[in-house]
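# Observations on chain architecture
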Amino acid sequence: MNRYIPFVSEILDIIKHTEIEYTFRMAYDGEVSPGQFFEVSIPKFGEAPISVSGIGPGYIDLTIRKVGKVTNEIFEHYIGQNLKLRGPYGNGFYLEEFQNKELFIIAGGTGLSPVKGVVDYFAQNPDQAKSIKLIVGFRGPDDILFKKDMESWAKTVDVTLTLDNDPTGQYKTGFVTQYIPNLEFKNKDEVATIVVGPPMMMKFAIGELLKLGLKEEQIWMSYERRMCCGLGKCGHCRINDEYVCLSGPVYNYVDAKNLVD
Amino acid sequence: MGFILNMEQMDTFLDSLKEKYLIFAPKRFINGGNFSDTDCIRYDLINTADEIEFDEKSKYSFKEAIMPISQTLFYFTESITTTPEMSNKKILIFLRNCDLHAVDSLDKIYLVNGFPDHYYKKLRNATEFVVMGCDKPFENCFCVSMDTNKSEDYSLSIDKDIDKYKITSKEDSFTKVFQDMKVEESDVKPKFVLSNDITVNIPTDLDNTVSKSKMWDEYDTRCIACGRCNFVCPTCTCFTMQDIFYSENGKVGERRRIWASCMVDGYTNIAGGHQFRVNKGQRMRFKIMHKVLNFRKTFGKNMCVGCGRCDDSCPEYISFSNAINKLDSAMKEVATHE
Amino acid sequence: MDINTKKLKKNAFRVTKVRGITAARIRVPGGFLNSKYLPAIQAIADQYGDGTIHLTTRQGFELMGIPFKDIPQVNKMLQDIIDGLGINQEEHDQGYPASGTRNISACIGNRVCPFGCYNTTRFAKRLEKAVFPNDLHFKICLTGCPNDCAKARMNDFGIIGMTIPQFEANRCVSCGACVKACTKKSVGALKPVNYRPQKNHDKCIGCGECINACPTMAWTRSQKKYYKLTLLGRTGKKNPRLGEDFIKWADEESIVKIILNTYDYVKEFIDLTSPGGKEHIGYIVDRTGFQVYKEWALKDVHLPAEAVVYSPVYWSGLHFN
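Residues numbered from 1 in each chain as written. Chains lettered and ligands numbered in written order. Predicted model: local features only at pLDDT ≥ 70, side-chain atom pairs only at ≥ 80, totals over all residues. Heavy atoms only, no water.

### A word on the side chain of C:His137
All names here are of chain C. As for its placement among the helices and strands, His-137 is situated in the loop between helix H4 (120–131) and strand S5 (140–143). Classification of His-137 by relative accessible area gives buried; the value is 8%. A distance of 3.4 Å separates a polar atom in the side chain of His-137 from a polar atom in the side chain of Arg-102. Side-chain polar atoms of His-137 contact the side chain of His-280, separated by 3.2 Å. Other than its neighbours up to four places away in sequence, His-137 contacts Gly-100, Arg-102, Asp-156, Lys-278, His-280 and Ile-281. (Helix = DSSP H or I, 4+ residues; strand = E, 2+ residues; numbered from the N terminus. Buried < 20%, exposed > 50% of the residue type's maximum accessible area, 1.4 Å probe, protein only. Polar contact = N/O pair within 3.5 Å; in protein donor to acceptor, adjacent residues only side chain to side chain. Contact = heavy atoms within 4.5 Å.)

In structure tokens form, the structure reads like this:
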């Protein structure tokens with residue numbers, strides 16, 4: 001089987017978050033878990049790895065930031081047109097790991113995308129977790145993603161939205177890391193945490209979580225690396241002996257802490 | 001079974017294969033080197049035995065025969081993708097003992113890590129190997145240290161002895177050709193080296209904490225990130241995919257993959273411009289640790305086969321083997337800091 | 001003392017500021033010689049000169065402080081050097097038969113230098129054989145590549161090595177090294193198109209930086225060697241100027257022929273009334289016009305198809321008169 005050949009998928013809907021960040025709802029029937037990714041392509045322009053930001057019947061959501069040749073071209077597409085996909089690739093978040101846990105999710109910027117499926121799931125099935133808290137940070141008011149989702153999550157999820165800078169004065173400000181020391185756990189042993197975001201943010205957030213006395217195995221994270229083939233061949237995403245596209249992008253911190261880029 | 005062929009018989013043998021096989025061997029490209037009036041020895045299809053370069057190490061390895069530098073994955077139009085037709089011919093590759101061990105390293109990535117690679121598998125399955133013996137080690141070789149100075153998994157072995165070719169065959173179809181040609185049978189022992197001028201020592205306690213050592217810092221300024229060490233390496237497998245279109249307005253194009261190098265700028269760039277391993281010393285560490293540790297952690301054998309081509313071709317005279325030999329003290333250095 | 005200074009000068013000796021004292025010039029084509037000739041040079045300097053040696057600006061030796069009377073002995077001692085360096089000679093033991101056509105200088109070239117596009121020594125020796133002992137005032141200089149370390153453009157004939165880069169697209173890995181090298185170190189004749197370099201041949205100066213930079217031998221050198229011939233650069237009091245491009249992508253054969261043709265041209269048009277009967281070629285061409293020179297220079301020259309001839313050629317430089 002030639003796994004380099006993409007399949008065609010129709011754009012079912014486009015949700016605009018910011019000027020440069022849209023969610024493309026793509027037709028897809030198949031098993032997929034939050035945190036996995038697809039290689040999205042437009043022939044002539046190339047491929048880009050995009051993590052799954054939502055899963056529903058007959059579709060997957062791909063939240064795409066317009067930052068390069070391929071994604072620029074994707075943004076030129078409309079509902080009803082097609083994109084080409086390969087995937088899903090990698091290991092996503094296993095929901096079982098978080099069931100019946102006090103779940104804390106700390107996300108920075110587009111880092112919310114790969115973990116959004118987890119939030120969606122527990123927001124819709126609040127009885128499956130002991131509690132859910134989301135701390136999410138963006139740069140400024142114009143950078144906020146998934147605004148509508150956050151409004152609907154608020155019924156069942158404790159959402160803290162914080163911005164690096166807020167000239168409007170409507171939002172909380174500060175980095176996500178500064179909200180971590182005040183987290184309260186009912187039973188520390190039943191806590192599970194997910195940290196996703198830029199490398200520096202993840203590093204400091206994990207440091208704060210460990211200071212609270214959490215064990216390394218209670219921390220999960222997702223790595224953004226250059227996933228080019230998605231098949232464990234091209235080498236670009238490798239760290240130590242891990243091909244992030246195969247064994248990641250989601251890792252438990254026990255494994256991730258030893259990864260040296 | 002051993003045979004001794006003269007030049008003419010060797011050519012007759014090669015001729016008999018041409019219908020079924022593409023024959024790749026190291027060949028001297030006269031004036032084909034980077035510098036004026038220098039030659040380059042690299043792989044190409046050969047017609048006659050005297051084209052095979054026995055006396056010098058090839059600058060580039062055999063790998064381009066089964067892992068083309070640039071390989072079209074498929075052609076596309078607006079709606080259709082078509083994969084390129086691949087030759088149905090078998091492939092016969094002349095290579096050294098160390099190189100045959102390198103084939104195993106390539107196989108691990110392309111056939112074992114994740115799903116088998118469609119394109120590699122097709123070429124690889126069609127390939128048979130002729131091992132060219134080494135009667136002396138070349139400069140920068142350290143095959144004995146890497147335990148790759150001898151190999152078994154070949155169809156033919158060949159040693160050139162002035163104007164004679166001494167061959168052993170493990171492949172019945174080839175043996176039959178020799179017998180039909182009534183060439184001289186003889187008790188031939190394939191040549192291999194038992195020692196190199198260079199030996200390397202991979203510390204038994206080596207782990208990735210060595211990345212914190214100061215040993216990598218000197219390469220920040222010495223290395224120019226040209227990637228030659230990767231491109232000449234018989235075990236480097238990385239590639240990058242590209243989409244190209246044949247004309248500005250055309251709807252027709254192709255997706256291809258080309259060799260990539262973890263030493264060259266841009267290798268780790270992700271959308272938005274962030275890159276990992278900006279310093280060349282850390283790229284050196286990433287490469288070396290893959291070759292002598294991280295690959296082994298997954299596949300149980302070292303990736304590096306000690307051919308020394310990286311050292312042969314480094315324009316800045318950086319020695320890979322010498323870097324390996326610094327790992328022991330580097331491990332002690334990081335141990336004392338922890 | 002009765003000395004024919006015209007003959008003395010033609011014999012490669014100098015009339016110095018000290019009466020009765022000369023200096024001997026030794027031709028070293030391409031600035032290349034076997035070290036075994038150094039003892040003979042030392043011996044002349046010690047026995048007949050003042051024991052010092054000047055390395056000339058054109059890569060020869062000048063042995064100073066030699067009395068006029070010792071010229072015959074010096075010429076005898078020069079014989080081994082003249083023979084060893086393959087200098088054309090008219091009469092044995094009589095030293096150099098001419099001096100007007102200056103020593104042919106050259107950079108070290110591709111025998112040593114990674115940038116060199118040809119063997120400058122070999123070509124210098126070939127030219128020496130072809131032009132010497134012509135006594136007309138010609139300066140010829142060879143340089144391995146467009147870096148022009150030899151300052152070929154300050155000579156009547158500057159020969160600059162070139163190669164036509166050959167590109168094998170299927171060996172290209174899009175590393176960008178060639179484009180970067182060409183942009184930063186050369187003329188920017190390469191730009192990336194569809195991830196691969198596209199060459200502007202008109203802009204390319206044939207320096208080979210792309211080839212040296214290429215890690216996969218996607219770029220290689222042309223089997224044939226090419227040269228740029230620059231014309232009529234000069235120093236001097238009136239109008240010092242750099243030589244201008246005459247032919248790009250020329251071959252060795254044509255260059256030899258053009259230089260020999262120029263001797264015919266100069267013999268035809270030289271102003272014999274000029275001081276010492278000497279006139280730089282450039283001033284003659286200034287007088288006859290470039291078109292006349294070009295006709296003479298290219299007579300029976302068969303340039304390769306790749307060659308580009310620039311015509312007319314205009315010079316600039318500094319004007320003091």
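### Thoughts on the environment of A:Ile105
Residues and elements named next belong to chain A. Mapped onto the elements, Ile-105 comes out in strand S7 (residues 102–108). We classify Ile-105 as buried; its relative accessible area is 1%. Ile-105 sits 84 residues away from Asp-189 along the chain, and the two C-alpha atoms are 16 Å apart. Ignoring anything within four residues of it in the chain, the contact list for Ile-105 reads Val-115, Val-118, Val-119, Lys-133, Leu-134, Ile-135 and Ile-194.

### Some details on the interface of chain A and chain B
Tallying the contact residues gives 35 residues for chain A and 45 residues for chain B. Together, A:Tyr4, A:Lys44 and A:Lys233 form the three largest contributors to the area buried by chain A at its contact with chain B, with a combined 22%. Along the contact surface separating chain A from chain B lie two salt bridges. Note that A:Glu47 and B:Arg255 form a salt bridge whose closest N and O atoms lie 3.1 Å from each other. Where chain A touches chain B, the interface holds 20 residue pairs in polar contact (both at pLDDT 80 or more). Of the residues in the side of chain A that touches chain B, the class split is 16 nonpolar, seven polar and twelve charged. (Buried area = accessible area lost by both parts, 1.4 Å probe. Salt bridge = Lys/Arg side-chain N within 4 Å of Asp/Glu carboxyl O. Nonpolar A, V, L, I, M, F, W, Y, C, P; charged D, E, K, R; others polar.)

### Observations regarding the pairing of strand S6 (residues 157–162) of chain C
Residues and elements named next belong to chain C. Extensive coverage of S6 is indicated by the burial of six of its six residues. Neither face of S6 is open: one carries Phe-157, Ile-159 and Gly-161, the other Gly-158, Ile-160 and Met-162, and all of them are buried. Here S5 runs beside S6; their pairing, made up of four bridges, is parallel. Residue Thr-143 lies in a different strand from S6, and its bridge partner there is Ile-160. (Pairing = 2+ DSSP bridges.)

### Topic: the sheet that holds strand S4 (residues 105–106) of chain C
Hydrogen bonds between backbone atoms are what pair the strands of a sheet, whose relative direction is either parallel or antiparallel. Residue and element names in this part refer to chain C. Strands sit in the order S4-S5-S6-S11-S12-S13 across an open sheet of six strands; the sheet is mixed. Of all the strands in the sheet, the pair left with one neighbour each is S4 and strand S13 (308–309). Pairing between S4 and S5: two bridges, direction parallel. Counterpart to Ser-105 in the pairing with S5 is Cys-141. Its contacts with the sheet place H4 against S4, S5, S6 and strand S11 (226–231), and it is angled at close to 160 degrees to S5. (Axes fitted to C-alpha atoms, helices over the stretch in contact; angles between N-to-C directions.)

### Examining the pattern of salt bridges
Applying the stated rule across the entire model yields 53 salt bridges over all chains. The partner of A:Asp241 in a salt bridge is B:Lys297, with the nearest N and O atoms 3.8 Å apart. Of this pair, A:Asp241 sits in the loop between strand S13 (238–239) and strand S14 (242–243) while B:Lys297 sits in helix H8 (residues 280–299), on two different chains. Overall, the relative accessible area of 46% leaves B:Lys297 in the partly exposed class. A salt bridge links B:Lys57 to B:Asp312; the nearest nitrogen and oxygen atoms lie 2.7 Å apart. In this pair, B:Lys57 sits in the loop between strand S3 (40–45) and strand S4 (70–76) while B:Asp312 sits in helix H9 (residues 309–313), placing the two residues 255 residues apart along the sequence. A single salt-bridge network, built from bridges that share partners, covers A:Glu47, A:Arg86, B:Asp243 and B:Arg255.

### Notes on the environment of B:Lys63
Residue and element names in this part refer to chain B. In this fold, Lys-63 is placed in the loop between S3 and S4. Considering only alpha carbons, one finds Lys-63 and Ile-288, 225 residues apart in sequence, at a separation of 19 Å. For Lys-63, the residues in contact, after removing those within four places along its chain, are Leu-106, Asn-230, Phe-231, Cys-233, Pro-234, Cys-236 and Trp-259.

### Some remarks on the sheet that holds strand S9 (residues 164–169) of chain B
All names here are of chain B. Pairing is mixed across the open sheet formed by eight strands, whose spatial order is S3-S2-S6-S7-S8-S9-S1-S10. Single-partner strands in this sheet number two, and they are S3 and strand S10 (184–185). In this sheet, strand S8 (residues 156–161) lies alongside strand S7 (residues 127–132) in parallel orientation, the contact comprising three bridges. Bridge pairing in S8 places Met-132 opposite Ile-158. Sitting on the sheet, helix H1 (residues 7–17) touches strand S1 (2–6), strand S2 (21–29), strand S6 (90–96), S8 and S9, and the angle it makes with S1 is about 105 degrees.

### Thoughts on the interface of chain C and chain B
Residue-level contacts link 26 residues of chain C with 26 residues of chain B. Summing both partners gives a buried area of about 2,200 Å² for chain C against chain B, and 45% of it is carried by carbon and sulfur. Where chain C touches chain B, the interface holds three salt bridges. A salt bridge links B:Glu64 to C:Arg171; the shortest N-O distance between them is 2.6 Å. Counting the contacts that link chain C with chain B gives 17 residue pairs in polar contact (both at pLDDT 80 or more). A breakdown of the residues in the side of chain C that touches chain B according to their chemical character gives twelve nonpolar, nine polar and five charged.

In short, shape yes, function no, at least from these values alone.
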